[in-house]
Amino acid sequence: MRISRLNLENFRNMESLSVFPCETVNIIYGDNAQGKTNLLEAVWLLSGAKSFRGAKDADFVRFGESRAVIESEFFCDGRQQTSKIQIEGKKTAWLNDIKKDSVTAFAGIFTAVVFSPSHLSLVKDGPAGRRKFLDTSICQITPRYIGIISQYQRILLQRNTLLKDISYAPPLLDTLDIWDEKLAALGGAIIRMRMEYTRRLQKEAADIYKGISMERETFSLSYRPFGMDVSQGQNQEEITAQLKEKIAQNRSEDLRSGSTGIGPHRDDLEITINGRSVRAFGSQGQQRSSVLALKLAESRCIGDILGERPVILLDDVMSELDQSRREYLLNHLTGSQIFITCCDKGYFSRLEQGRVFKMEKGRLEQE
Ligand SMILES: Nc1ncnc2c1ncn2[C@@H]1O[C@H](COP(=O)(O)OP(=O)(O)O)[C@@H](O)[C@H]1O
Ligand SMILES: [Mg+2]
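Residues numbered from 1 in each chain as written. Chains lettered and ligands numbered in written order. Predicted model: local features only at pLDDT ≥ 70, side-chain atom pairs only at ≥ 80, totals over all residues. Heavy atoms only, no water.

## Description of the pattern of salt bridges
Side chains bearing opposite charge may pair, as long as their charged atoms lie close to each other. Applied cut-off: Any Lys or Arg side-chain nitrogen located within 4 Å of an Asp or Glu carboxyl oxygen qualifies as a salt bridge. In DSSP terms, a helix is any run of H or I states spanning at least four residues, a strand is any run of E spanning at least two, and both are numbered starting from the N terminus.
Counted by the stated rule, this structure contains 22 salt bridges. In this structure, Arg-53 engages Glu-41 in a salt bridge whose closest nitrogen and oxygen atoms are separated by 3.4 Å. Here Arg-53 is found in the loop between helix H1 (36–45) and strand E4 (68–76), whereas its partner Glu-41 is found in helix H1, with twelve residues between them in sequence. Measuring nitrogen to oxygen at the nearest pair gives 3.0 Å for the salt bridge that ties Asp-180 to Arg-251. Within this pair, whereas Asp-180 is found in helix H5 (residues 176–212), its partner Arg-251 is found in helix H7 (residues 251–257), the two being separated by 71 residues in sequence. Via salt bridges that share partners, Arg-159, Asp-177, Asp-180, Arg-251 and Asp-254 belong to a single interconnected network.

This is the structure we're talking about:
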């Protein structure tokens, strides 16, 4: 997967911009507020996803203008393809000159992985973000997972409502078993799939982190089912049976609290360096390197399964990394097209291959 040409028209602060990126590393440097992140955001939108900055469609259109256009030529599936997004009130999308109902038509065709400073929450904040990270990746790889997750959430909601209703309508207690059964079956499937994906991710992330840290630190990932004791070798039936038992054991507590205390909605992904939690003990640089390793591992996993490596977008990640980590990043990420933004051009003195661009007031110049 690689972009060979990108044209922007009235996208954010870029009036008219045309760029021919190389197949390997593309560096975009410049002072603050010049449009570097805006450029990555435009590339990201081509994957059919929403802005990684939480922006609304109208925010993309250059102040004072009414229409923004993102146009690209990219190489995917063994051939040159084109895509176009026009934002004028609403978004309109074309793939290979054929108009599509929505930009989601680009999903799975143009794939990208993005890491911006806000993604640090993946290691810094609570488990919800980590569960979402796992779920989003698994959905791209195994589309039937989308249905399993939404069914689980629906049943969880219904069970929680029932738990509250039982307090004033005790006979309803008889119906709880049915919900427990359904919840355990779906929950068991989710835990099994998340564990399997974590196993794949762990292998790649550990390898990448080893490189980033010059083999000085050991990175590890493990999926932690809340209140359960599950080993990697256990199959879905065994996990489901255990989950069912734990839900039963926790029933009186659930009735008291009016919510479900055990299940994959409470699970976490534990991230450690040299055996210690990155969240609790990691330095700023280690936390940043961990998210980087996770994101790059995600791109490898998706690439291995879909047969094409996603484009990697790294926004402002260089400043917290020391020289050796930066060098690894610049020169050891072969096989993917990468876009990296940063302020200091000095970081790239040892770039072995790649292209350097300067961004100034929404204008891009190749050096
Ligand atoms: N819709 C828009 N029209 C014009 N300028 C915009 C728009 N949205 C953002 N900007 C400008 O883009 C600049 C920020 O660009 P950004 O890519 O975040 O900078 P950086 O180079 O630091 O990554 C700000 O000056 C902001 O005012
Ligand atoms: Mg920026």
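Here the narrative resumes.
## Brief notes about the domain arrangement of the protein chain
Interfaces are often sized by the accessible area lost when the parts come together. To be explicit about the condition: For the domains described, the bounds stem from an automatic or database domain assignment. Using a 1.4 Å probe, buried area is obtained as the accessible area two parts lose upon being combined, added over both of them. We define a polar contact as two N or O atoms separated by no more than 3.5 Å, with the added condition that, inside protein, one atom must be a possible hydrogen donor and the other a possible acceptor, whereas residues neighbouring each other in sequence contribute only through side-chain atom pairs. Three classes are used: nonpolar for Ala, Val, Leu, Ile, Met, Phe, Trp, Tyr, Cys and Pro, charged for Asp, Glu, Lys and Arg, and polar for all others, with Gly counted as polar.
Here the protein chain is partitioned into domain 1 (2–111 + 308–366) and domain 2 (123–280). Relative placement of domain 1 and domain 2: their C-alpha centres are 34 Å apart. Of all residues in domain 1, Ser-324, Arg-325 and Tyr-328 give up the largest surface area on contact with domain 2, accounting jointly for 84% of the area buried on that side. At the boundary of domain 1 with domain 2, the tally comes to one salt bridge. The residue Glu-217 makes a salt bridge to Arg-325 at a minimum N-O spacing of 3.5 Å. Counting across the interface, domain 1 meets domain 2 through one residue pair in polar contact (both at pLDDT 80 or more). A breakdown of the residues in the side of domain 1 that touches domain 2 according to their chemical character gives one nonpolar, two polar and one charged.

## A word on the site of ligand 1
The criterion, for reference: Throughout this document, a residue counts as near a molecule or strand when at least one of its heavy atoms sits within 4 Å of that molecule or strand. Here the accessible surface of atoms and residues is derived via Shrake-Rupley with a 1.4 Å probe, and residues count as covered only by protein chains that are part of the display.
Among the 15 residues in the neighbourhood of ligand 1, the closest are listed as Ala-33, Lys-36, Thr-37, Asn-38 and Val-61. One of the side-chain N or O atoms of Thr-37 is found 2.8 Å from an oxygen atom in ligand 1. Contact distances for ligand 1 include 2.9 Å between a nitrogen atom and a backbone N or O atom of Asp-59. If ligand 1 stood free it would expose 580 Å²; the protein chains cover 76% of that surface. Looking at the shell around ligand 1 residue by residue, the classes come out as three nonpolar, six polar and six charged.

## A word on the pairing of strand E12 (residues 311–315)
Remark: a regular strand shows side chains that alternate across the two faces of the sheet. Where we set the bar: Think of it in three bands: with a 1.4 Å probe and only protein chains considered, a residue is buried below 20% of the maximum accessible area for its type, exposed above 50%, and partly exposed in between. The criterion for strand pairing is that DSSP finds at least two bridges linking the strands in question. The definition of a right-handed crossover adopted here requires that, viewed with the strands pointing away, the path from the first strand over the helix to the second runs clockwise.
In terms of residue burial, E12 counts as a mostly covered element, since five of its five residues are buried. Burial along E12 is two-sided: the residues Val-311, Leu-313 and Asp-315 and Ile-312 and Leu-314 are all buried. Pairing analysis gives four bridges linking strand E8 (residues 112–115) to E12, with the strands arranged parallel. Note that in E12 the partner of Val-114 across the bridge is Leu-313. Where E12 and strand E13 (residues 338–342) come together, four bridges link them in parallel fashion. Note on E13: the bridge partner recorded for Leu-313 is Phe-339. One crossover worth recording links E12 to the parallel E13 by way of helix H10 (residues 323–331), and it is right-handed.

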